[in-house]
Protein chains: 2
Amino acid sequence: MTRQHTENQDLFAIADLAKEFGISTRAIRFYEAKGLLSPERVGATRVFRRRDRARLILILRGKRLGFSLRDISDYLSLYDADRSQQVHLLVGKVEERLASLERQRDDLETTIAELREIRELAVAPPTRSRSQAAG
Amino acid sequence: MTRQHTENQDLFAIADLAKEFGISTRAIRFYEAKGLLSPERVGATRVFRRRDRARLILILRGKRLGFSLRDISDYLSLYDADRSQQVHLLVGKVEERLASLERQRDDLETTIAELREIRELAVAPPTRSRSQAAG
DNA sequence: CAACGGTTTGACGTTAACGTAAGCTCGTGA
DNA sequence: TCACGAGCTTACGTTAACGTCAAACCGTTG
């Protein structure tokens, strides 16, 4: 099950994914329990395919962005619904999320700019009153 | 204490700030307990100044960006330390945070792009095999 | 065959960020 | 004067996202 000698391009054990992404197997099982992943089973053992791996990548990115698993679940469903039905509702959700993300990006830009400013101030020698730094 | 008749430009009651930013007074007290705010007191009553209000704005932005109060606390300390001491350590922290935020921004760009793509696909009529959408 | 590593399902523990309720003080307007 | 609204502290409750055992089941390797 360590994938080394099975040489299979498309099948992953839970430990493979855990190691690859630096998370615990517990976390992966938790994501499954929450419906974010649905690996196949061979007996009782979970078997993950590329699709699950791809979803896991999206999950982790969502987490880096500060979203809850609930949010990420909704987000993943946008991928699942291959424009099959309830398109209006889907587009609505996407728009919502886009707006939220764009606002978040603005917050980020502002914060990054402020940090850069702080850095400049910190690096510059402590200017005293009307003095001027020499080139 | 409702600020209406005190007409003071620089003093805020806890309820003023709570209302202005749409959060609970409990949350504000919690931030104080965690050391993110340190309003003055008149008797037992908290009195906030512009400085506290400014910090609160930073706190809320940090939260929108998905940071923990612990993180935000560190972040606020970057503002406090007016390039007075331990500049290297300070710059180090700023660099760290900048890197993290820039990565987060990249994640955001990617996600936004993907959502836009999903939206296009959803809006476009369900293409069947080799057909082509008419202009 | 027995130990070992990997996997499974519980189930309880933990941390963060408040919510909520209780009980008390203080200033004020009818 | 007294009821009210606002504020305070203390303290227990709650949700999310796992961490951390515990107990048991393979498959294989020395």
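Rules used in this analysis
- Residues numbered from 1 in each chain as written.
- Chains lettered and ligands numbered in written order.
- Predicted model: local features only at pLDDT ≥ 70, side-chain atom pairs only at ≥ 80, totals over all residues.
- Heavy atoms only, no water.
- Helix = DSSP H or I, 4+ residues; strand = E, 2+ residues; numbered from the N terminus.
- Buried < 20%, exposed > 50% of the residue type's maximum accessible area, 1.4 Å probe, protein only.
- Contact = heavy atoms within 4.5 Å.
- Near = heavy atom within 4 Å.
- Polar contact = N/O pair within 3.5 Å; in protein donor to acceptor, adjacent residues only side chain to side chain.
- Least-squares fit on C-alpha atoms with pLDDT ≥ 70 in both.
- Nonpolar A, V, L, I, M, F, W, Y, C, P; charged D, E, K, R; others polar.
- Salt bridge = Lys/Arg side-chain N within 4 Å of Asp/Glu carboxyl O.
- Lys, Arg positive; Asp, Glu negative; His and termini not counted.
- pLDDT = per-residue confidence, 0-100.
- Phe/Tyr/Trp six-rings, centres within 6.5 Å; stacked < 30°, edge-to-face > 60°.
- Axes fitted to C-alpha atoms, helices over the stretch in contact; angles between N-to-C directions.
- Left-handed = near helix turned anticlockwise from the far one by under 90°.

The next point concerns the side chain of Q104 of chain A. Locating Q104 of chain A in the fold gives a position in helix α5 (residues 87-123). Overall, the relative accessible area of 6% leaves Q104 of chain A in the buried class. Excluding anything up to four places from it in sequence, Q104 of chain A contacts L65 and F67 of chain A together with R64, L65, Q104 and L108 of chain B.

This part covers the protein's contact with DNA strand D. Residues in contact with DNA strand D amount to 17 residues; listed here are only the nearest, S24, K63 and L69 of chain A together with R29 and R46 of chain B. In the interface set of DNA strand D, defined as its atoms within 4 Å of the protein, sugar plus phosphate atoms amount to 73%. R26 of chain A places a side-chain nitrogen or oxygen 3.0 Å from a base oxygen of DNA strand D. With respect to DNA strand D, the side chain of R29 of chain B contributes an N or O atom lying 2.8 Å from a phosphate oxygen.

So, on to the relation of the copies chain A and chain B. For the pair chain A and chain B, the superposition axis carries a translation of 0.0 Å, the fit reaches an RMSD of 0.1 Å, and the rotation angle comes to 180°. The operation mapping one copy onto its partner corresponds to a two-fold rotation axis. In terms of C-alpha distance to the rotation axis, chain A has G66 of chain A as its closest residue, with the C-alpha 2.2 Å off the axis. Comparing interface residues between copies, 100% of those in chain A also sit at the interface in chain B, which points to an isologous, same-surface contact.

With that out of the way, let us pick up the protein's contact with DNA strand C. As a matter of local geometry, DNA strand C sits amid 17 residues, with R29 and R46 of chain A together with S24, K63 and L69 of chain B nearest to it. Within 4 Å of the protein, the contacting atoms of DNA strand C are 71% sugar and phosphate, with bases supplying the remainder. Side-chain polar atom of R41 of chain A to a phosphate oxygen of DNA strand C: 3.0 Å apart, as the coordinates give it. Taking R26 of chain B, its side chain carries an N or O atom lying 3.0 Å from a base oxygen of DNA strand C. Of the residues forming the surface near DNA strand C, the biggest block, 4 residues, is contributed by helix α2 (residues 25-33) of chain B. Residue composition of the surface near DNA strand C, grouped by class: 8 nonpolar, 3 polar and 6 charged.

Taken together, the contact pairs 35 residues of chain A with 35 residues of chain B. Linking chain A with chain B are 8 salt bridges. Its salt-bridge partner being R64 of chain B, residue D107 of chain A comes within 2.6 Å of it at the nearest N-O pair. Seen at the junction of chain A and chain B, the total is 14 residue pairs in polar contact (both at pLDDT 80 or more). Every element with two or more residues in the side of chain A that touches chain B is listed here: α3 (50-64), α4 (69-80) and α5 of chain A. The leading source of residues in the side of chain A that touches chain B is α5 of chain A, at 26 residues. Grouping the constituent residues of the side of chain A that touches chain B by class yields 18 nonpolar, 4 polar and 13 charged.

All names here are of chain B. Its location among the elements puts D52 in helix α3 (residues 50-64). Look at D52: it is buried, it has no salt bridge, and the nearest opposite charge is R51 at 4.9 Å. When neighbours within four sequence positions are excluded, D52 is seen to be in contact with L37, S38, P39 and V47.

Turning our attention to the confidence of the model for chain A. Residues and elements named next belong to chain A. Across chain A, the average pLDDT comes to 80, with 76% of residues at 70 or higher. By mean pLDDT, α5 is the weakest element of chain A at 79, and helix α2 (residues 25-33) is the strongest at 97. Across residues 1-7, confidence stays below pLDDT 50; counting only partners more than four residues off in sequence or on other chains, it has 9 contacts. Across residues 128-135, confidence stays below pLDDT 50; counting only partners more than four residues off in sequence or on other chains, it has 0 contacts.

Attention now moves to the packing of aromatic side chains. Residues and elements named next belong to chain B. Applying the stated criterion across every chain, the model contains 2 aromatic pairs over all chains. Each ring, one from Y75 and one from Y79, has its centre 5.5 Å from the other, and the planes form 70°; the classification is edge-to-face. Note that Y75 and Y79 are positioned in helix α4 (residues 69-80) at a spacing of 4 residues, about one turn of the helix. Note on Y75: relative accessible area 7%, which makes it buried. On the basis of relative accessibility, which here comes to 31%, the residue Y79 falls in the partly exposed class.

The subject of this paragraph is the packing of helix α1 (residues 14-21) of chain B against α3 of chain B. All names here are of chain B. For the pair α1 and α3, interaxial distance at closest approach is 12 Å and the crossing angle is 35°. Note on packing geometry: the crossing formed by α1 with α3 is right-handed. Residues L17, E20 and F21 of α1 form the contact with α3, whose own contacting residues are R53, L56, I57 and L60. Its residues placed into classes, the contact of α1 with α3 shows 5 nonpolar, no polar and 2 charged.

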